[in-house]
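# Architecture at a glance
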2 protein chains.
Amino acid sequence: MFTVIASEGRARRGVFDTPHGAVQTPVFMNVGTQAAIKGALSAADLEMIGCQVELSNTYHLHVRPGEETVRALGGLHRFMTWNRPILTDSGGFQIFSLAKPRDITEEGVKFVSHVDGRKIFMRPEDSMRIQSALGSDIAMAFDECVKIPSPYDYVKASTERTVRWLERCKAEMEKISSEGSAVNPGQMLFGINQGAVYKDLRIEHMKRIAEFDLPGYAIGGLAVGETTAEMYDTIEALDEYMPKDKPRYLMGVGTPSNIIEGVWRGVDFFDCVMPARNGRHGHLFTWNGIININNEKYVRDESPIDPECDCPVCRRYTRGYLRHLYRSGELLALRLGVMHNLWFYNKLAERIREAIETHTFSAFRAEHTETLAKRI
Amino acid sequence: MFTVIASEGRARRGVFDTPHGAVQTPVFMNVGTQAAIKGALSAADLEMIGCQVELSNTYHLHVRPGEETVRALGGLHRFMTWNRPILTDSGGFQIFSLAKPRDITEEGVKFVSHVDGRKIFMRPEDSMRIQSALGSDIAMAFDECVKIPSPYDYVKASTERTVRWLERCKAEMEKISSEGSAVNPGQMLFGINQGAVYKDLRIEHMKRIAEFDLPGYAIGGLAVGETTAEMYDTIEALDEYMPKDKPRYLMGVGTPSNIIEGVWRGVDFFDCVMPARNGRHGHLFTWNGIININNEKYVRDESPIDPECDCPVCRRYTRGYLRHLYRSGELLALRLGVMHNLWFYNKLAERIREAIETHTFSAFRAEHTETLAKRI
């Protein structure tokens, strides 16, 4: 159940109910690919930095440790000791980067595990069964995430198949539900819009999947090679065809500016590995832009990463100490850097929510979109 | 000031005062070589696991970030945000593993930095100046840690030089103190006994350095190649020559059993990289012995590492989840493994203290020394 409690232009401030509690939107979801956050952050750290939704990857957990192991250990929530909402992707994004084109058939996809070289055949039904065993609150439909650029005819055929796959996903989820074996009986299915940057295909596909009346819809297949303008244009083109009363999830996006611009265009959910990846390299977000903590100028700097930030890292540590940790290759560097960056992203979403509530989001966007993208 | 408040046989239960608070002994000191604990543990984690004394390495901090950077950032305590006692080693142990024999002269030691290949000449006075800039509570004398085995004549000449170096260390520390420039004016100097496994040299050296009436004495140069029996024999041989009213520190030792046996022979301070190193490899200490969490048998094990342990890891996570983290190469595995092992070592010291207080240490030793060394 999704309720829009405030809006400004296309930007929406909403509440989305899940079996593990309500999600305040717009929301940034924190990526824990293998049921763990990169940079040695624990579930307790995630709680502390204000994370609302954790995202894990079906493909990765299928190949290791296997969904039946996660089920035996009580499902993802108990496995990783995270009691708030979890979203699992369908595995499509990872699988299609491993599969060869000829391995994609109407039935499903053949690919080789990156861990042990094992051959795996995954159908939409398998993705649903795996996600059911993982017990996430939100399961994503099994889709083909096509490369950009791809030929028009290929994308057209692919989106048509993705509609048929969605039908199979929905049917399988209903079947699992009727069997009574689901780890999380309240698990919901989100559909995923595809179509590369062909607006007519995007719109046609969106119309088709909207008919399924699912609890939420994602825009997939973006941030995979198109320009930022193409990404924004695609989101705008879809606006009138996406159900207004369902949350909208822009998959794998993005920079702080992308998130502000996405919200501006009506998006409610985001996820991205960027804050964790940048954190591991010492690229740290501040409200004045991105700093590289490895820079020599920080060697004796007694100030925190961002004087405006009240995260546990900024409250306790100097830039000088953090630079030392990065230069010395200490794992603690990665943890503190990732912790700061994830805090920053969660705080950004919180400030966006406040801005929409107070109808100041337009001013917030004008003040921050460009500044946050600067490297200082 | 060291006060023995209880004893059982040679085992002592003491309190040692430092500028950053009292240390309850026997104590296990946690090693933070580069002003950070391996495995991404933060100073807050150290507080939580009951660490009393943090140990940092003079050599490592001299080459990176440099002691003047640490001084500029307020000394080690402020640098790493650790407000309890800190001990720094003298650099000797690391330097002698880098120096060639001909580079050791009466004046000091020439060696090449492992970080940037820079040539460094370090004299006892330099070690004292560096440790003063770091601002530790306990500074260690600059000594030569000789390999075992080494020829008798070499060890004899080396221990005699180490006495002369101790004189220079003490004089330099008094000079620094009179200059009024010390980061930590209450910093204390501990002497280090050497002599390989030649008992007469060990005893002669101990007698000589005891004359300096220092606040504490270490037994150095053990756990570097001798047998465990030789190590215990050496400690026993030194017993009557070590001042009874000063703490005794067995450097770089050791396994849980070594610690129990060291305390049994009158040792008060210990430090070792073993719990952190083992933790990074998934070798986890329990009160029934050491487990290798990578073992297949733990894949769906819902129990904690050690049902007897009340550390934050055992209170929250299953063996099955931890095994998954190790097998998946997640940094969180290292952090949780190191956290458990360091908690275990600090708890071991706490239980040893309680046993001496209640005069049950002999029974404690009989119950645990062998069990803790088992691989189960």
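Residues numbered from 1 in each chain as written. Chains lettered and ligands numbered in written order. Predicted model: local features only at pLDDT ≥ 70, side-chain atom pairs only at ≥ 80, totals over all residues. Heavy atoms only, no water.

### Describing the relation of the copies chain B and chain A
Under the fitted operation, chain B is carried onto chain A by 0.0 Å of movement along the axis and a turn of 180°, and the coordinates agree to an RMSD of 0.0 Å. Taken together, the rotation and translation relating the two chain copies correspond to the operation of a two-fold axis. Across chain B, the smallest distance between a C-alpha and the rotation axis is recorded for B:Ala40, namely 3.5 Å. The residues that chain B uses at the interface reappear at the interface of chain A in 100% of cases, marking a shared surface. (Least-squares fit on C-alpha atoms with pLDDT ≥ 70 in both. Contact = heavy atoms within 4.5 Å.)

### Observations regarding the interface of chain B and chain A
The interface is formed by 42 residues belonging to chain B together with 42 residues belonging to chain A. Both sides together, the interface formed by chain B and chain A hides about 3,500 Å², and carbon and sulfur atoms give 53% of it. Applying the counting rule to chain B against chain A returns 8 salt bridges. As a salt-bridge pair, A:Arg335 and B:Asp45 come within 2.9 Å of each other at their nearest N and O atoms. Sorting the residues of the side of chain B that touches chain A by element identifies helix H1 (43-48), helix H3 (67-72), helix H4 (75-79), helix H13 (319-327) and helix H14 (331-357) of chain B as the ones contributing at least two each. For the side of chain B that touches chain A, the element with the highest residue contribution is H13(B), accounting for 5 residues. Taken together, the residues of the side of chain B that touches chain A sort by class into 20 nonpolar, 9 polar and 13 charged. (Buried area = accessible area lost by both parts, 1.4 Å probe. Salt bridge = Lys/Arg side-chain N within 4 Å of Asp/Glu carboxyl O. Helix = DSSP H or I, 4+ residues; strand = E, 2+ residues; numbered from the N terminus. Nonpolar A, V, L, I, M, F, W, Y, C, P; charged D, E, K, R; others polar.)

### Section: H14(B)
Note: α-helices contain 3.6 residues per turn, so residues at a spacing of three or four share the same orientation. Residues and elements named next belong to chain B. The terminal C-alpha atoms of H14, which comprises 27 residues, lie 39 Å apart, in line with the 39 Å expected from a rise of 1.5 Å per residue. By the criterion of burial, H14 is predominantly enclosed, with 21 of the 27 residues buried. Directly after H14, the chain includes His359, whose backbone phi takes a positive value near 55°. (Expected span 1.5 Å × (residues − 1). Buried < 20%, exposed > 50% of the residue type's maximum accessible area, 1.4 Å probe, protein only.)

### Remarks on the confidence of the model for chain A
Residues shown with low pLDDT carry predicted positions that ought not to be read at fine detail. Counting all residues, the mean pLDDT for chain A is 96, and 100% of those residues have values of 70 or more. Interface predicted TM-score (ipTM) for the complex: 0.96; the corresponding pTM is 0.96. (pLDDT = per-residue confidence, 0-100.)

### A word on the environment of A:Glu54
Its place among the elements puts A:Glu54 in strand S5 (residues 54-56). In this structure, the C-alpha to C-alpha distance between A:Glu54 and A:Leu348, residues 294 residues apart in sequence, is 17 Å.

### Regarding the pairing of strand S15 (residues 289-292) of chain B
Residues and elements named next belong to chain B. One ladder, built from 4 bridges, connects strand S14 (residues 283-286) with S15; its direction is antiparallel. Of the residues in S15, the one forming a bridge with His283 is Asn292. Hairpin connection of S14 to S15: 2 residues between the antiparallel strands. (Pairing = 2+ DSSP bridges.)

### A closer look at the pattern of salt bridges
Should their charged atoms come close, side chains of opposite charge can pair. All names here are of chain A. Enumeration according to the criterion identifies 56 salt bridges over all chains in this entry. Linking Glu261 and Arg265 is a salt bridge whose minimum nitrogen-to-oxygen distance equals 2.8 Å. With respect to class, Glu261 is no different from Arg265; both count as buried. One continuous salt-bridge network, built from bridges that share partners, spans Glu107, Arg123, Glu125, Asp126 and Arg168.

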